[in-house]
Amino acid sequence: MSAPEPPPPVPWSAEFWDARYASADRVWSGEPNPQLVADVSAVPPGRALDVGAGEGADSIWLARQGWTVVAVDVSSVALDRARRHAEFAGVADRISWVHGDVLAGPLPAGPFDLVSVEFMHVPLAERTELFRRCIDAVGPGGLLQIVGHHPSDLATGARRPARHDVFYAAEEIAGLLDDGWTVLACDARPRPAVDHQGAPITIHDAVLLARRG
Ligand SMILES: C[S@@+](CC[C@H](N)C(=O)[O-])C[C@H]1O[C@@H](n2cnc3c(N)ncnc32)[C@H](O)[C@@H]1O
């Protein structure tokens, strides 16, 4: 009798993401996330943390806006690529790339003027604990932006991870904030996309934007 197949790696592990990034020269568009651009373009730059930075498009955009960025990701394949993109963009000196598992270990040391978490999809217990630490990492007057795929996307035919418990609405995250925070946006923002057959659909980004103070 043959040995049972090992379980597939979970999509919040280095094994999963290294394989995903190694499967293509570029996985994401190279453009910064539209919700980050919409909410942060007019914010005076300071020190930012990009959690799950991937191929670095958001970190590079922030650096171009004058931010000093600490970018953390579990995938060394993604970080090597991000580092090269930052050098090409001429902003390498403004970004520190940190290889780490933010579920298993601490976040880079704060405080930060902006903590940005874009499309980190992990189950409820893990994301609640992670988002609490992201909240704690924001300094006085600083901003928190957390963006994810809204659960309503599951009914649209958009390509999405198989596990449905990794999606969340912004209201869930807003519920983690105490009275010391001002919620600036708690939205499900529509965005044009295509379904798995290429037909046009509307998806929604869950967007939580809040200021400490
Ligand atoms: C969907 S991608 C989003 C990448 C980037 N934020 C963007 O919007 O283009 C999720 C990213 O989170 C990273 N990630 C997943 N689990 C992680 C973990 N436990 N610790 C640190 N990074 C993680 C992945 O390597 C991946 O780059």
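Residues numbered from 1 in each chain as written. Predicted model: local features only at pLDDT ≥ 70, side-chain atom pairs only at ≥ 80, totals over all residues. Heavy atoms only, no water.

Undergrad: Tell me about the packing of helix α1 (residues 14–22) against helix α4 (residues 76–89), and name the residues and values.
TA: Between α1 and α4, the shortest axis-to-axis distance is 7 Å and the interhelical angle comes to 45°. In terms of axis orientation, α1 runs oblique to α4. Only Ser 76, Val 77, Ala 78 and Arg 81 of α4 make contact with α1, whose side of the interface consists of Asp 18, Tyr 21 and Ala 22. When the residues that make up the contact of α1 with α4 are grouped by side-chain class, the tally is four nonpolar, one polar and two charged. (Axes fitted to C-alpha atoms, helices over the stretch in contact; angles between N-to-C directions. Helix = DSSP H or I, 4+ residues; strand = E, 2+ residues; numbered from the N terminus. Parallel < 35°, antiparallel > 145°, perpendicular 65-115°, else oblique. Contact = heavy atoms within 4.5 Å. Nonpolar A, V, L, I, M, F, W, Y, C, P; charged D, E, K, R; others polar.)

Undergrad: Residues and numbers for the pairing of strand β3 (residues 95–99), please.
TA: In terms of strand pairing, strand β2 (residues 68–73) meets β3 through five bridges, oriented parallel. In the strand pairing of β3, Asp 73 is matched with His 99. The parallel pair β2 and β3, bridged by α4, forms a crossover whose chirality is right-handed. (Pairing = 2+ DSSP bridges. Right-handed = clockwise from strand over helix to strand, strands pointing away.)

Undergrad: I'd like to hear about the environment of Leu 124, residue by residue, with values.
TA: Within the element layout of this structure, Leu 124 appears in helix α5 (residues 124–136). For Leu 124, a relative accessible area of 48% corresponds to the partly exposed category. Between the C-alpha atoms of Leu 124 and Glu 172, which are 48 residues apart in sequence, the distance is 9.8 Å. Among all residues touching Leu 124, those that are not within four sequence positions of it are Asp 165 and Glu 172. (Buried < 20%, exposed > 50% of the residue type's maximum accessible area, 1.4 Å probe, protein only.)

Undergrad: Give a description of the site of the ligand that names residues and reports values.
TA: Of all residues adjacent to the ligand, which total 18 residues, the nearest are Tyr 21, Asn 33, Gly 52, Asp 73 and Asp 101. Its free accessible area being 590 Å², the ligand has 93% of it covered by the protein chains. Of the residues belonging to the shell around the ligand, the class tally is 10 nonpolar, five polar and three charged. (Near = heavy atom within 4 Å. Areas by Shrake-Rupley, 256 points an atom, 1.4 Å probe, with all protein chains shown as cover.)

Undergrad: Tell me what's going on with the sheet that holds strand β1 (residues 47–51), and back it up with residues and numbers.
TA: Pairing within the open sheet is mixed, and its seven strands lie in the order β3-β2-β1-β4-β5-β7-β6. With partners counted over all chains shown, the strands left at the sheet margins are β3 and β6 (181–194), one partner each. Averaged over neighbouring strand pairs, the angle between their axes works out to 15° when direction is ignored. Across seven bridges, strand β5 (residues 138–149) lies against strand β7 (residues 200–212) in antiparallel orientation. Pairing of Ile 146 across the sheet is with Leu 208, part of β7. Along the sheet, α5 contacts β1, β4 (112–118), β5, β6 and β7; its crossing angle with β5, the most-contacted strand, is approximately 150°.

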